[in-house]
Amino acid sequence: MRGFRRIIFLTVAVFLFASFRANAAQDPGTSLPDDKKGHQIQVVYVETQSSAGSNYHTNGRVKQWVSEIQSWLKSKTGKELIFDTYQGQLDIAYLKYEGNIDMKNDEDLVRMYQKLNPTNYLGKNLAFIIDQKLSTQGDICGWALLSGGYSLAMPNWPDCIDDDEQGIAAFLGLSSSAGTILHEILHSYGVNHACDSTTTSDLMHGEPECAAAGIAFSYLEKMTFDKSGLNYYGGNKTGVDLKTLRIWSDGSGTTEFLIPPNLQIVPPVTTTTTGTTGKKTINCTKGKVSKKITAKNPKCPKGFKIKI
Ligand SMILES: [Zn+2]
């Protein structure tokens, strides 16, 4: 995992919506039964040791961010991403983490989710939204592992929630929290920062590289989604053309997005496997604990040794 490049996103503040209506479906730890098969984004709400008790998962806020993301994407591309739903409601899994999250331990959350959902985590991109007051990574609002299949957003870090998020959404087209969440999700699909000289407000604008390229972000323009069509939607200058991935609700795209095998740390429960999947199983041990890892190219989790 250390070989991947970590990407951070600097964003300005966001705000408080007084109230939202219906709660999204959610259940501690585990994903509710999936409405859809195949690739989807599972939103996971995490409360850590320094949680502010914001309850964005139950007060409608998370649901609002996701619906903002969907309608914004639809206005830009005519498509929406696939979010995990249960009976038509956004399925928000909940995790309690006994510590605080930083870039070094974020993989713990992936592990926790996979352990709780051993039969259906495969094919899911995990979007963690974290209620944590303690800022452990300085002046950022989220990060993701490039192509790693998971991302984190930290709405309770300084200046990451704007009191006038609704106003900002009207102004920029997308509120900063929703923008952060989407920006990080796109990193997790393999999109690197886009420094586009034709726009000063691209969703995938990032620092320090864009400032170094002489392109400053402007909060005076509506946010754009690969305006030139060269970077990540229609072209792949930033590493991937999202249009080609099978991540859209209309079923378009030809390339399946695969979570890196080294992040698949709990073997899926399989009925008698045949050789046709090309998967191998290895035994990994750490002290008295042993694990079977099944993947195309299985690797032992960190700290585990392969047992031959
Ligand atoms: Zn970024």
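What counts and what doesn't
- Residues numbered from 1 in each chain as written.
- Predicted model: local features only at pLDDT ≥ 70, side-chain atom pairs only at ≥ 80, totals over all residues.
- Heavy atoms only, no water.
- Helix = DSSP H or I, 4+ residues; strand = E, 2+ residues; numbered from the N terminus.
- Buried < 20%, exposed > 50% of the residue type's maximum accessible area, 1.4 Å probe, protein only.
- Contact = heavy atoms within 4.5 Å.
- Expected span 1.5 Å × (residues − 1).
- Disulfide = S-S within 2.5 Å.
- Phe/Tyr/Trp six-rings, centres within 6.5 Å; stacked < 30°, edge-to-face > 60°.

A. Region of the structure containing the side chain of S188. Relative to the helices and strands, S188 resides in helix 4 (residues 176-188). A residue is classified by how much of its surface remains accessible, and S188, at 0% relative accessible area, is buried. Here S188 is in contact with N125, A144, L145, S147, G148, G149, Y150, S151 and F257, once residues within four sequence places are set aside.

B. Molecular detail of the environment of W72. Mapped onto the elements of the fold, W72 is located in helix 1 (residues 61-77). With 102 residues separating them along the chain, W72 and L174 place their C-alpha atoms 6.9 Å apart. When near neighbours in sequence (up to four residues on either side) are disregarded, W72 contacts G173, L174, L182, L203, M223, T224 and F225.

C. Inspection of helix 1 at higher detail. Between its first and last C-alpha, helix 1 extends 24 Å over 17 residues, near the 24 Å set by a 1.5 Å rise per residue. Buried residues along helix 1 sit against strand 3 (40-47), strand 5 (89-96), strand 6 (124-131), helix 3 (165-172) and helix 4. Downstream of helix 1 by a residue or two, G78 has a phi angle that is positive, lying close to 80°.

D. Seen up close, the state of the cysteines. Under the defined criterion, the tally for this structure stands at two disulfides. One disulfide bridge connects C141 with C160, the sulfur atoms lying 2.0 Å from each other. Of note, the bridge from C141 to C160 carries an S-S torsion of about -85° and is left-handed in sense. With C141 in the loop between strand 6 and strand 7 (142-145) and C160 in the loop between strand 8 (150-153) and helix 3, this pair connects stretches of sequence that are 19 residues apart. The residues C141 and C160 share a single accessibility class, namely buried.

E. Inspection of the packing of aromatic side chains at higher detail. Within this structure, the stated rule accounts for nine aromatic pairs. Centre to centre, the rings of Y189 and F257 are 5.0 Å apart; their planes meet at 90°, and the pair counts as edge-to-face. Pair noted here: Y189 is in the loop between helix 4 and helix 5 (209-212) and F257 is in the loop between helix 5 and strand 9 (280-286), with a separation of 68 residues, a long-range link. With a relative accessible area of 9%, F257 lands in the buried category. Each member of the aromatic cluster is reached from another via a ring pair, and the members are W72, F225, Y232, Y233 and W248.

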